[in-house]
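So you can see what is in the structure, the chains are spelled out below.
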Amino acid sequence: MDCPESLRTQAYFDGELDASSSLEIERHLGRCPSCRGRLQDLEHVRTMTRQIPSEPAPTALREQIDRILEREDRAARASRSVSERTRWRWNPFWTGAFSGVAASAVVALIAVPAMSPSVSDTLLHDLTVDQVRSLMPSHLIDVVSTDQHTVKPWFAGHTDVSPVVADFERDGYRLIGGRADYLGGQRSAVVVYQHGRHVINVFAWLASKTLLPTDTTRSGYHMTFWRAGDLDYCAVSDTSWQELRALKQLLRTSAQAG
Ligand SMILES: [Zn+2]
């Protein structure tokens, strides 16, 4: 059974809660592994979608989606559903239409203008979530723990890398868990930190010969890269640059200390 707060957790993620409700949910997240997991899943999907290079969607697909959206929009207006937000449902037609479509094309649709806002927001959100989720069958295998001695060994069994895992709660960066991700052809590790109300994902993968990208911001998400030992790291978050780089520094120091 879903936790009764799971809807508010989703709203919290979407930035739809006022300050006092946000605070309530933050407290709730502290004691509800189910909602914490849900939030991590959402953050995870959002982070991954930010990293998918965007390519223009094929015209035929775009037109097809436009037509369906218009139809959905008309239907929604006609029947004024009970729920304020029109939920968009996956149906066999869509499954067929999208089974062969690259995630990048789907994500690129976010930039397609002239969609009606309420339907398209939900549609694109669900599309993106479902599409990306489908590309990562193992993404639900999560380890929720604030203990580095639990998270670190978990990576050994689930990923190809053994990243630095440390809790920096004293410095305001609380370890909340880990995750396995398929990144660049390998099972990479993601260490997840909470900093205030922000989640910071620290991706780690086997270093390649290519140069790391320079630090960048994509759709409001800062990404900072570094190399330590035989691993490449990238910390991703919507927290400030200063706060993100402070965690990077802590992790580098930790790596040097062995
Ligand atoms: Zn809950």
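Each remark here, short or long, concerns the structure printed above.
This write-up is about the structure you can find in this document. (Residues numbered from 1 in each chain as written. Predicted model: local features only at pLDDT ≥ 70, side-chain atom pairs only at ≥ 80, totals over all residues. Heavy atoms only, no water.)

**Quick notes on empty space enclosed by the protein**
Basically, it comes down to this: Site definitions follow a grid-based scheme: protein atoms alone, a 1 Å grid, a 1.4 Å probe that fits but cannot get out for cavities, and for pockets an open set with protein on both sides within 12 Å along at least five of seven lines, plus lining residues having an atom within 4 Å of a point. Grid points are joined across faces, edges and corners, and a volume is the space filled by probe spheres set on the points. For helices the rule is a DSSP run of H or I covering at least 4 residues; for strands it is a run of E covering at least 2, with both sets numbered from the N terminus onward. Residue classes follow a fixed rule: Ala, Val, Leu, Ile, Met, Phe, Trp, Tyr, Cys and Pro count as nonpolar, while Asp, Glu, Lys and Arg count as charged, and any other residue, Gly among them, counts as polar.
Under the counting rule described, the total for this entry stands at one cavity of 30 Å³ or more. One number sums up the size of the largest cavity: a volume of about 30 Å³. What lines the largest cavity is Glu-43, Thr-47, Val-199, Asn-201, Tyr-221, Val-236, Ser-237 and Asp-238. Of all the elements in the fold, those that place two or more residues in the lining of the largest cavity are helix H3 (33-51), strand S4 (198-206) and strand S7 (231-237). Partitioned by chemical class, the residues of the lining of the largest cavity number three nonpolar, three polar and two charged.

**What about the coordination of the zinc ion?**
Angles between donor atoms at a metal ideally measure 109.5 degrees for a four-coordinate tetrahedral arrangement and either 90 or 180 degrees for a six-coordinate octahedral one. Put simply, the rule reads: Metal donors: N, O and S atoms at distances within 2.8 Å, or within 3.2 Å for Na, K and Ca, with water omitted from the atom set so that some sites may seem incomplete. Irregular is the default label, applied whenever a site is not tetrahedral (four donors, all angles between 85 and 135 degrees) and neither square planar nor octahedral (four or six donors, opposite donors over 155 degrees apart, all other angles between 65 and 115). Buried, partly exposed and exposed residues are distinguished by accessible area as a fraction of the type maximum, computed with a 1.4 Å probe on protein chains only: under 20%, between the cut-offs, and over 50%, respectively.
Summarising the metal site, the zinc ion is bound by the protein donors Cys-3 (SG), His-28 (NE2), Cys-32 (SG) and Cys-35 (SG), whose distances to it range over 2.0 to 2.3 Å. In this structure, the zinc ion is coordinated by four donor atoms arranged in tetrahedral fashion, with angles at the metal of 103 to 120°. Positions of the donor residues of the zinc ion along the chain correspond to the pattern C-x24-H-x3-C-x2-C. Both residues of the pair, His-28 and Cys-32, count as buried.

**Some words on the environment of Phe-225**
The criterion, for reference: Any two residues whose heavy atoms approach within 4.5 Å are treated as being in contact.
Note that Phe-225 resides in strand S6 (residues 221-228). Note: C-alpha distance between Phe-225 and Pro-213 (12 residues apart in sequence) is 6.9 Å. Sequence-distant contacts of Phe-225, that is, excluding residues within four places in its chain, are made with Trp-205, Leu-212, Pro-213, Thr-214, Asp-215, Tyr-233, Cys-234 and Lys-248.

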